[in-house]
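Analysis of the macromolecular model
One letter stands for each residue in the lines below.
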Protein chains: 2
Amino acid sequence: MNTATKEKKTTPKKSKMDFQSFVSRIENMILTGKFKPRERLIEAALSEMFGVSRYTVRDAFKVLETKGLVTVTPFRGVVVSELSQQEVEEIFVIRAALEQVALRLSAQNSTAVDIKVLRKMVKKFEDAHRDDDFVVMVAADTNFHDYAFQMSRNKTLRRMINDLRNRCHIIRYSAWSSPTILEQVMEEHRLIVDAIEARDVAALNKLSERHISHGKEAYLLRLKAENALLR
Amino acid sequence: MNTATKEKKTTPKKSKMDFQSFVSRIENMILTGKFKPRERLIEAALSEMFGVSRYTVRDAFKVLETKGLVTVTPFRGVVVSELSQQEVEEIFVIRAALEQVALRLSAQNSTAVDIKVLRKMVKKFEDAHRDDDFVVMVAADTNFHDYAFQMSRNKTLRRMINDLRNRCHIIRYSAWSSPTILEQVMEEHRLIVDAIEARDVAALNKLSERHISHGKEAYLLRLKAENALLR
DNA sequence: GACATCAATATTGTTAACAAATTACCCGGC
DNA sequence: GCCGGGTAATTTGTTAACAATATTGATGTC
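Criteria and thresholds
Residues numbered from 1 in each chain as written. Chains lettered and ligands numbered in written order. Predicted model: local features only at pLDDT ≥ 70, side-chain atom pairs only at ≥ 80, totals over all residues. Heavy atoms only, no water. Near = heavy atom within 4 Å. Polar contact = N/O pair within 3.5 Å; in protein donor to acceptor, adjacent residues only side chain to side chain. Helix = DSSP H or I, 4+ residues; strand = E, 2+ residues; numbered from the N terminus. Nonpolar A, V, L, I, M, F, W, Y, C, P; charged D, E, K, R; others polar. Phe/Tyr/Trp six-rings, centres within 6.5 Å; stacked < 30°, edge-to-face > 60°. Buried < 20%, exposed > 50% of the residue type's maximum accessible area, 1.4 Å probe, protein only. Pairing = 2+ DSSP bridges. Axes fitted to C-alpha atoms, helices over the stretch in contact; angles between N-to-C directions. Left-handed = near helix turned anticlockwise from the far one by under 90°. Contact = heavy atoms within 4.5 Å.

Here we take up the protein's contact with DNA strand D. For DNA strand D, the set of nearby residues contains 13 residues, the closest of which are Arg54, Arg58 and Phe75 of chain A together with Ser53 and Arg76 of chain B. Sugar plus phosphate, as a fraction of atoms of DNA strand D within 4 Å of the protein: 73%. Within the backbone of Glu43 of chain A, one N or O atom sits 3.4 Å away from a phosphate oxygen of DNA strand D. Listed by contribution, the elements that provide at least two residues to the surface near DNA strand D are β1 (40-41) and α4 (54-67) of chain A. Partitioning the surface near DNA strand D into residue classes produces six nonpolar, two polar and five charged.

To continue, consider the packing of aromatic side chains. Taken as a whole and judged by the stated rule, the model has five aromatic pairs over all chains. Aromatic side chains Phe22 of chain A and Phe50 of chain A sit 5.3 Å apart centroid to centroid with 75° between the ring planes, which places their arrangement in the edge-to-face category. With Phe22 of chain A in helix α2 (residues 19-31) and Phe50 of chain A in helix α3 (residues 43-50), this residue pair connects regions lying 28 residues apart in the sequence. Note on Phe22 of chain A: relative accessible area 1%, which makes it buried. For Phe50 of chain A, a relative accessible area of 12% corresponds to the buried category. Judged by centre distance (6.3 Å) and plane angle (50°), the ring pair of Phe92 of chain B and Tyr219 of chain B falls under tilted.

With that settled, the discussion passes to the protein's contact with DNA strand C. Taken together, the neighbourhood of DNA strand C is formed by 14 residues, with Ser53 and Arg76 of chain A together with Arg54, Arg58 and Phe75 of chain B sitting nearest. The sugar and phosphate moieties of DNA strand C supply 77% of its atoms located within 4 Å of the protein. Note that a phosphate oxygen of DNA strand C is positioned 3.5 Å from one of the backbone N or O atoms of Leu41 of chain B. Within the contact set of DNA strand C, a phosphate oxygen lies 3.2 Å away from a backbone nitrogen or oxygen of Phe75 of chain B. Elements with a contribution of two residues or more to the surface near DNA strand C: β1 (40-41) and α4 (54-67) of chain B. Considering only residue class, the surface near DNA strand C consists of six nonpolar, two polar and six charged.

Residue and element names in this part refer to chain A. Taking strand neighbours across the sheet as the criterion, the three strands line up as β1-β3-β2 in an open arrangement whose pairing is antiparallel. Among the strands making up the open sheet, the edge pair consists of β1 and β2 (70-73). Here β1 runs beside strand β3 (residues 77-80); their pairing, made up of two bridges, is antiparallel. Bridging across to β3, Leu41 finds its partner in Val78.

Glancing now at the packing of helix α5 (residues 85-109) of chain B against helix α8 (residues 155-167) of chain B. Residue and element names in this part refer to chain B. It is the contact of α5 with α8, at a shortest axis distance of 10 Å, that shows an interaxial angle of 145°. Both α5 and α8 take part in a crossing whose hand is left-handed. Counted together, Ile91, Ile94, Arg95, Leu98, Glu99, Val101, Ala102 and Leu105 of α5 and Leu157, Met160, Ile161, Leu164, Arg165 and Arg167 of α8 form the full contact between these two elements. Residues belonging to the contact of α5 with α8 are distributed by class as follows: ten nonpolar, no polar and four charged.

Spelled out as structure tokens, the structure:
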């Protein structure tokens, strides 16, 4: 059998970038703070930078707009979204509700393997914390939560939660400023895994609520600090 | 100077349709069943029909795609989304969580005026029911819920709920098939308003759960009937 | 008659050129 | 020095032509 047909599907052709991965790249640049809130994104520049057509860039903007990451104003282009405190509050209320449901479902569906994977991910976070590697920590945190939400076996829910989390992504304002918060986060991760293992819904609800509340505080704190600097 | 500059902002020019209203028109045609699930939407046809450019049509498709109303496949165009039973189940789980939160917030924020408005809306539904006017009933139902969610004063939440509700819009499969369900719906509406007025969160949670559960049953029933017909 | 192959058609994807709007800049007046 | 007006440059919005892909239909073979 010749391999050409098989390869066609597996290799997405380096010469022409996949639209979805192009969107992801811009998304990542926003999440990692390469593009900062209020910064204007210019079609021609991005088109040049990534070697795609202006048209593709516009399409990507539309997607990012509905995800809430950029704001489009007719004839004035797009800027990286900046969340008001009001919006942050709104989003965290929603996240609290959705993540509680997700963890409840995950607890119901959890297997021994899942628990092992989660514990491994918690450890990865802790290792990164020991090494003081902020970037790895953020990745580990994201992976931990995403795995936990994936366990809910509700794809729609998982995607909605991830979109909301991205809108208040940690690195965008480099939250987690204080070391105390970090210790709390790690402790809460451990407890969440325990509660999932025990399928203890009541405990999960409380933990989830608290965990998100801490996330919100850290985020708002950082947001205020940034704003104070800018004005 | 001439008055054109002032008018420019207030009158959106009838000759050129606003992008947002164009999207809404397609959206409505999907929701009201003018475009049916699995039906293919052709750029050129819509472009011709509404007198807008193909480009605008494509943009609209992108928006509708992220709202979950259409599905885009490269080089194969877009079709009106058809939800699998799995997806419907997923969506209703999420709706239950979000609508509970929304109603809880609404109860906290409710004023005497709000209650009056809600009661009026319930009555409008009941009147339409007496007149056997299905279309008005759907509109009244939508308005009732939207007003209740608006009262939560959480715009993000309100929009998310509305998007989810649209994905399982009543008319798309003409749910509410049985008269018994309709009686239940009306009774629940009355009870929900009462609970909001009394700010009785526990009651609201139960009512909300039940109301959505009924909605889900009606929808799934109709979905199955449609599928049985098609296959 | 069913199936595969290939051409014709229809539809989507991409690009480039052009129009419209905004922004930036310069200049004169006060 | 600062404000207003107007022009130039930048950037976005639109259109139309062209390329790539999928779908359809016809043809021929078994």
